[in-house]
Structures are given as C-alpha cells and as structure tokens.
Amino acid sequence: MTDALDVTVIVLMALATVLCRTFGYFAMSYVDLTPRIRRGLEALPGAVVVSIVLPGAITAGVAGVLGILAAVLAMWWTRRDILALVAGCGTVILVRAIA
Amino acid sequence: MINATPARLTGAGVRLGVTMALPLLPGVLVFGMSFGTVAQQTGLSLVEAVLMSALVFAGASQLAALSAWQTPWTPLGAATVVLLVFVVNSRLILMGAALHPWMSHLPWHKSYPLLAVTTDSSWVTLFRAEAEHGRRDVGILAGTALCLWTVWTLSAIPGWWFGAIVTDPKRFALDLVVLVFFAAMLVPIWKGARKARPWAVAGVVALAVHLLVPGPFHVLAGTLAGALAGALFDD
C-alpha cells in the first residue's frame, strides 16, 4: 500500500534536500567573490572529505582507520582509484578477519 | 585556486563522468540495497522506498529519516523527519556555493537541474577531474550523477524485496567502500600542505563535534570550520 501521508513526507524530504542543494549556489549570486570568499570556497572539497572520512573511520574502529590509510597510500603511489579501493577494502577485510 | 574561467558542459564530459563513477557503483549498490531493506523493515511500501531514493537521492539522510519514521503521522513527527533530512544534508548548501564560480554563466535551466542531482561523490569527482586533467566540465557532474542515481534508485528494489541479501556485508568491507573511495580522493585534490591547513581545522572540528555531540552535526561543523579557516588564513 502506498500511503498519501507517507508520500507527502517523502516529497517534503525531497524539497528540503533540493533546498540544500540549490540555496548555497543561489545565495552566492549576491556575494562578491573576494579573495577571502574565494579561499573559503577553495578549502571546501578537502574540508568536506575530511569531515566525512575522519569521524567515519573512527566509528569503524581500527579496521576503518587502517583501511583508509592504506587507500590514501595506494592512491598516492599509483594514482589509480581502483587500486586504492582494493588496498583499502583489502586491509579492512584482513584486519576484521584477524580481529 | 578557483579558476575564474567558466566551466564547460559537454557530452564528452558526461561520458567521462559516467566512467569516473564506475568504481563507486559496487559500494552504492550495497548501500542502496541496505536502504531498501531498512525501508521494508520500517514499514514503507516498495513504491515508497523507490520514490524516496529517486526523489531524495541522499543516502545518509534517508536512513536518518527512517530512524525517525513514526506512523501514524503527526505534524510534529513529520516536521522532525523533514528537519532531520535538512540537517544531514546541510553540507550541500556549502557544496553548492562552491559550484557558483563553475556555473554562473549557465542559464538557470541548466545550472539548477545540475545542482538538484549533486551528491558528495559527483561533487568531489568534479574537483578531482579538474586537478588531474585540468578539465573544468560540469558534464562530469551530470554523468556521475546520472550513473549514481540510476544504481541508487534501482538498488532499493532488491533490498526491499529480498531483505538482507548480503548477510554479512562487514566481512567483505562493503559497508566501508564509499568511505574508502572518499578518503582516496584526498590525494588528487591535494594542493600542498599550505592549502591543506583548513582541512586540518575541518578534521579537528569534525572529530570533536562527533565525539561531543550525538547526531549528524559533525559533517556540517567540520566543513564550515574548514571554509572559515580557508577564508581567514592567508595564501
């Protein structure tokens, strides 16, 4: 069964998400791209990745931390994302199998 | 630095985006299936589960919504779920702001649809392609998003229908594929230690908030701290 109220909540969730996806862009049309603003935006890709990855790794425990280290090292070494995935997930599997 | 030249939107970029999304698909598939399973356990119909993945297209916030799902609905219950989704996805506000220099020359009927399908992975892929190939092409965002959306939406179906197909995802590290991929992205977007000082600020703040405040606030807090640090530090 599909419930009208469930669908309403889902549509409201979608609207809230679209608002998040578009509002920052929209607001920037009213902001001058000064050097400070530019540097703030420049810092975002790394800041987003670090803010997701570090707490995620800690939550996943030793296997998570070592897996992520292995992935970064493999990416550094080879510049191939597939190899980084193999090294990272391989390390996680190995550490979990031992523990 | 953020290049002032506007990005292009090309078919070749779309195809490159699809290719760049491929390594992510196994992780997205497993994540999407586990969303479907949790949705079924929470009492959503198959149509509702697929509709949520198709329309919201933001995994962490969808799982957060299910954790607070409380039928029969009350206004307060519904508001709680929607607010939770907003908080989990609030990092996208900053991510969208970073796309302004890329797309401000595009007409709104091109830029806003692209924004509407932006996810963490497709957004990072855009910066990665710029760093690796010197290529500023928002077609890459479109291609990656298209690929991820299709797999994400469809994967809810087997997850809902069959329940937990992969009975022990942890054993095969499937729960961490997306996180591991994300971590690896730090390498291509690295532009030297000086440029990474705001990342360190972001990391410290994200960890501190994660340890001190329950809930999903650490991503926004870390991201915001990183952007502020970037703005305050000199080049």
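Criteria and cut-off values
- Residues numbered from 1 in each chain as written.
- Chains lettered and ligands numbered in written order.
- Predicted model: local features only at pLDDT ≥ 70, side-chain atom pairs only at ≥ 80, totals over all residues.
- Helix = DSSP H or I, 4+ residues; strand = E, 2+ residues; numbered from the N terminus.
- Rg over C-alpha atoms; globule rule 2.2 N^0.38 Å.
- Buried ≥ 20, exposed ≤ 12 C-beta atoms within 10 Å, placed from the backbone.
- Contact = placed C-beta atoms within 7 Å.
- Nonpolar A, V, L, I, M, F, W, Y, C, P; charged D, E, K, R; others polar.
- pLDDT = per-residue confidence, 0-100.
- Core = buried A, V, L, I, M, F, W, Y, C linked by C-beta atoms within 7 Å.

S.K.: For this particular structure, what's the right way to read the overall build of chain A?
M.R.: Helix and strand counts for chain A stand at four helices and zero strands. Across chain A, helices and strands are ordered from the amino to the carboxyl terminus as α-α-α-α. In terms of overall size, chain A is more extended than a compact globule, its C-alpha atoms giving a radius of gyration of 20 Å where 99 residues would be expected to give roughly 13 Å. Oriented by its inertia axes, the alpha-carbon framework of chain A measures out at about 55 × 50 × 25 Å. Scored against the burial criterion, the 99 residues of chain A give a buried share of 48%.

S.K.: Looking at this structure, I do not really get the interface of chain A and chain B. What am I missing?
M.R.: Many descriptions give the size of an interface as the accessible area lost when the pieces come together. Across the contact, 64 residues belong to chain A and 76 residues belong to chain B. Among the secondary structure elements, those contributing two or more residues to the side of chain A that touches chain B are helix H1 (4–28), helix H2 (35–42), helix H3 (44–78) and helix H4 (81–98) of chain A. With 23 residues, the top contributor of residues to the side of chain A that touches chain B is H3 of chain A. Residue classes in the side of chain A that touches chain B are distributed as 44 nonpolar, twelve polar and eight charged.

S.K.: Explanation requested: the confidence of the model for chain A in the structure shown.
M.R.: A low pLDDT score tells you not to read the predicted coordinates there in detail. Residues at a pLDDT of 70 or more form 99% of chain A, whose mean pLDDT is 95. Confidence, read as mean pLDDT per element, is least for H2 of chain A in chain A (94) and greatest for H1 of chain A (97).

S.K.: How do you make sense of the environment of Ser104 of chain B when you look at a structure like this?
M.R.: By the element assignment, Ser104 of chain B lies in the loop between helix H7 (100–103) and helix H8 (108–116). It is 9.2 Å that separates the C-alpha atoms of Ser104 of chain B and Ala7 of chain B, two residues lying 97 residues apart in sequence.

S.K.: Just to check I follow, could you spell out the nonpolar core for this structure?
M.R.: Side chains of a nonpolar character, in soluble globular proteins, are inclined to be buried together. Core analysis: the biggest nonpolar cluster contains 112 residues, and Ala71 of chain A together with Val180 and Ala184 of chain B have the highest contact counts within it. Ranked by the residues each element gives to this core, the list is headed by H3 of chain A, at 17 residues. Setting aside residues no more than four positions away along its own chain, Val180 of chain B makes contact with Gly67, Ile68, Ala71, Leu85, Gly88 and Cys89 of chain A.

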